[in-house]
Amino acid sequence: MRCNLIPSRFKVIRDNEACVSCRICVRECSYGVHSYDEEKKTLKADSTKCVDCQRCVSYCPTGALSIVLNKNTFRPNAEWSCDSLKEIYRQSESGGVLLSSMGSPVKSIPRYFDRILLNASQVTNPSIDPLREPMETKVFIGSRPERIERDERGRIKDNLPPHLELDTPILFSAMSYGAISLNVHKALAMAAKELGTYWNTGEGGLHEDLYKYGDNTIVQVASGRFGVHSRYLSAGAAVEIKIGQGAKPGIGGHLTGAKIIGDVSRTRMVPSGMDAISPAPHHDIYSIEDLRQLVSSIKEATGYLKPVIVKVAAVHNIAPIASGIARSGADIISIDGFRGGTGASPVRIRDNVGIPIEVALASVDQRLREEHIRDRVSIIASGGIHNSADVAKAIALGADAVSIGTAALIALGCHLCASCHTGKCSWGIATQEEELTKRLDPEKGAERLVNLVHAWTREIQEIMGGMGINSIEALRGNRLALRGVDLNEKELQVLGIRYAGE
Amino acid sequence: MLEVDVKNMRQEDIAALIREADGEPLTLKSCMGQRYIGCGMKNVNLTLTGTPGNALGAYLDGGTIRVKGNAQDAVADTMNNGKMYIDGSAGDALGYAMRGGKIFIHGNAGYRAGVHMKAYGDIQPVIVIGGTAGSFLGEYLAGGTIIVLGLNREKEPITGFFCGNGMYSGRIYLRTDEKPVGLSEKLLMRKIDDEEKKSVIAPYIEEFSKEFREDYKKCMDGTFIVIEPNPKNSYKELYAAVS
């Protein structure tokens, strides 16, 4: 008899009275949980394979299914959690590095956004009703000229470097074709166009069909340089150099050969079925001077027409790093916090490396102001933006705009089952299997993304109106609009905010 | 043929000159370290004298660049297509993440040459180095061919440390019978036979010897070894998935 030390995490509960044996669950589950027993004429479920993606529950026409946590408990121990034991069982069995996906589920690191409160006007200055008065959510990101220059006749010279114009301060985060399906890329591109904002290719190149969305596309150049050529660089509205990401700072990427099929292989320009490795560093960047060289060579190759973004993970010395990036000629710094999502990351890295975006953002904004170089760059913050209040708080902490990845995928049906790395996403998002990818209709997906961002934008307008502020510009870095609760003095100091009641 | 002395010219003016030439032969004399020459361009036909600066021909998308002298760092970074002949030595990070085209270096290459070079279909990048290569040659190699001849370097090793570390596709040919210093155990090394010599590397070496007036027979003489990834060492084995 085989001994299984790791009991299944979930239990599939089927209400046999409600079940009509339609077998939709069998068809919808991509993990092979449900099956039909032809002899006994009954449906069976193998809970050990269940990842709780909720696909079967959502599609069961009679509501007969539910997924619950397995109640089986290991002997409770305050020191050793059940998960710790399971991880040791798993590693002692396989000898492998633990791999998972999506953002960190670690509870012990605070979500500072939840401990920050927003202000509103009462008596001393009027609040504004966004339904009746203009409320500007448009932002321009990129480098700003240090001074106004005039020609000999005193007219203002246009010395504005190239920038991005966003109708709302929300972009879509970089997610590569390969990690996610083409339909997701299509949905993001269409939504970005409709919303007047930008989506980001990630490092897997840009599919031929999506070049037409170039005006709303940010093309990424990462250490693997997959799918990078001069037409690609010129295809987007901006070029992003990816140094790191919040879910796995300091380590490279690894897309398994199983996901590199058909158009993914063609777009990345790597042979079908071969693993695609992104080295941990760019081997042509070992210093700020080298970064400056890559920024310049990209600008040179794109005729100085496009802003260059440098994306880094939020790590301990983020403030001086950002200062270096601001001096490298980059126009925009994108900072991805500890809670950022990913298609695959070693668990230990995801859950232990980096710092939360709130503190990183505040310290970078502060540092750049102190060095009088804040206007040289714009800042995009990401990694744990759950809702419009988080957007407002991030902007008040110093961001020019935020980008959302996980939230966008949730809008498309993602249930955070953290199984992207298996390539079997039942919602048709993080997979390349044709049977699964067609589950996501790009047009309907785009509509959901547009709805989400419109809703958030309206809420941001309400939040600003309540503060008596009528433009995003006036909210940016406005830390007086914030107060902390349940934070110690050091945390308040780093965040640059006062305690509630002060 | 148009010739311009660029000694005191700024890089943007040089770029304008190259664009103006629009593929016609152009000689830029006395380069003085100006960076990004030919960057992102296609259909160039350049001859350079003096020393061009970093990132020469980065993202190059077609055409030919000839340097009658040495080049500096990051030559042909992410090069996509075209040819580059350097009748001298090249600095560090030569052909980083290069995906197409050919590079010929008469002399030596610095550290990190051909790192993460890759190939797709019939787009097969090639780097031929006449002299020696520094450490990390072909690290993370994902496709294409690197050839190091080690001319005039008969006794000492012709590559540095960590040759081919982490490579998972492509081939590195070395004209030596010695194992590179500290070659990773995850890589395979074998001597090549005359058939492979003739069919795979001879055409590139012929082009090299013609361009740089080297004796073809001498370049082909002696033992060649090839370094390849071991297909048994998949990255997959490294992981244990958790849900």
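Residues numbered from 1 in each chain as written. Chains lettered and ligands numbered in written order. Predicted model: local features only at pLDDT ≥ 70, side-chain atom pairs only at ≥ 80, totals over all residues. Heavy atoms only, no water.

**With respect to the interface of chain A and chain B**
Then, in step 1: Between chain A and chain B, the contact holds 48 residues from the first and 41 residues from the second.
Then, in step 2: On the chain A side of the contact with chain B, A:H283, A:Q293 and A:E300 bury the most area, a combined 18% of that side's loss.
Then, in step 3: At the junction of chain A with chain B, the criterion picks out one salt bridge.
Then, in step 4: Residue B:D77 is joined to A:R225 by a salt bridge in which the shortest nitrogen-to-oxygen separation is 2.8 Å. (Contact = heavy atoms within 4.5 Å. Buried area = accessible area lost by both parts, 1.4 Å probe. Salt bridge = Lys/Arg side-chain N within 4 Å of Asp/Glu carboxyl O.)

**Overview of the environment of A:M135**
Residues and elements named next belong to chain A.
Then, in step 1: Along the chain, M135 turns up in the loop between β6 (116-118) and β7 (139-141).
Then, in step 2: Given the relative accessible area of 10%, M135 is considered buried.
Then, in step 3: Considering only alpha carbons, one finds M135 and I460, 325 residues apart in sequence, at a separation of 9.6 Å.
Then, in step 4: When residues no more than four places from it in sequence are discounted, the contact partners of M135 are I128, P130, Q461, M464, G465, I469 and N470. (Helix = DSSP H or I, 4+ residues; strand = E, 2+ residues; numbered from the N terminus. Buried < 20%, exposed > 50% of the residue type's maximum accessible area, 1.4 Å probe, protein only.)

**Thoughts on the confidence of the model for chain B**
Fine structural detail should not be taken from predicted coordinates in areas where pLDDT scores are low.
Then, in step 1: Here chain B shows a mean pLDDT of 93. Residues at 70 or above account for 97%.
Then, in step 2: Reported confidences for the modelled complex are a pTM of 0.94 and an ipTM of 0.91. (pLDDT = per-residue confidence, 0-100.)

**Remarks on the domain arrangement of chain A**
Residue and element names in this part refer to chain A.
Then, in step 1: Domain boundaries assigned for chain A yield domain 1 (10-96) and domain 2 (139-499).
Then, in step 2: The interface is formed by twelve residues belonging to domain 1 together with twelve residues belonging to domain 2.
Then, in step 3: When domain 1 packs against domain 2, close to 1000 Å² is buried across both sides, 49% of that on carbon and sulfur atoms.
Then, in step 4: Looking at the side of domain 1 facing domain 2, the largest losses of area belong to S30, Y31 and R55, adding up to 48% of the total buried there.
Then, in step 5: Across the contact surface, domain 1 and domain 2 share two salt bridges.
Then, in step 6: Our enumeration of links across domain 1 and domain 2 arrives at five residue pairs in polar contact (both at pLDDT 80 or more). (Domains from an automatic or database assignment. Polar contact = N/O pair within 3.5 Å; in protein donor to acceptor, adjacent residues only side chain to side chain.)

**Structural notes on the pairing of strand β6 (residues 102-105) of chain B**
All names here are of chain B.
Then, in step 1: Bridge analysis of strand β5 (residues 81-86) against β6 gives four bridges, and the strand direction is parallel. Opposite Y85, over in β6, you have F104 as the bridge partner.
Then, in step 2: As paired elements, β6 and strand β7 (residues 126-129) share four bridges and run parallel to each other. Looking at β7, one finds that F104 is bridged to V128. (Pairing = 2+ DSSP bridges.)

**Some thoughts on the packing of aromatic side chains**
Centre distance and the angle of the planes are the two values used to describe a pair of aromatic rings.
Then, in step 1: The full count for this structure, using the stated rule, is seven aromatic pairs over all chains.
Then, in step 2: Here B:Y111 and B:F136 contribute two aromatic rings whose centre-to-centre distance is 6.4 Å and whose plane-to-plane angle is 75°, an arrangement assigned as edge-to-face. Taken together, the residues span a long stretch of sequence, with B:Y111 in the loop between β6 and β7 and B:F136 in the loop between β7 and β8 (142-148) at a distance of 25 residues.
Then, in step 3: Ring centres of B:F161 and B:F162 lie 6.3 Å apart, and the angle between their planes is 55°; this geometry places the pair in the tilted category.
Then, in step 4: Linked through ring pairs, B:Y111, B:F136, B:F161 and B:F162 together constitute an aromatic cluster.
Then, in step 5: A cation over an aromatic ring shows up here: B:K118 above the ring of A:F226, its NZ or CZ 5.3 Å from the ring centre. (Phe/Tyr/Trp six-rings, centres within 6.5 Å; stacked < 30°, edge-to-face > 60°. Lys NZ or Arg CZ within 6 Å of the ring centre and 35° of its normal.)

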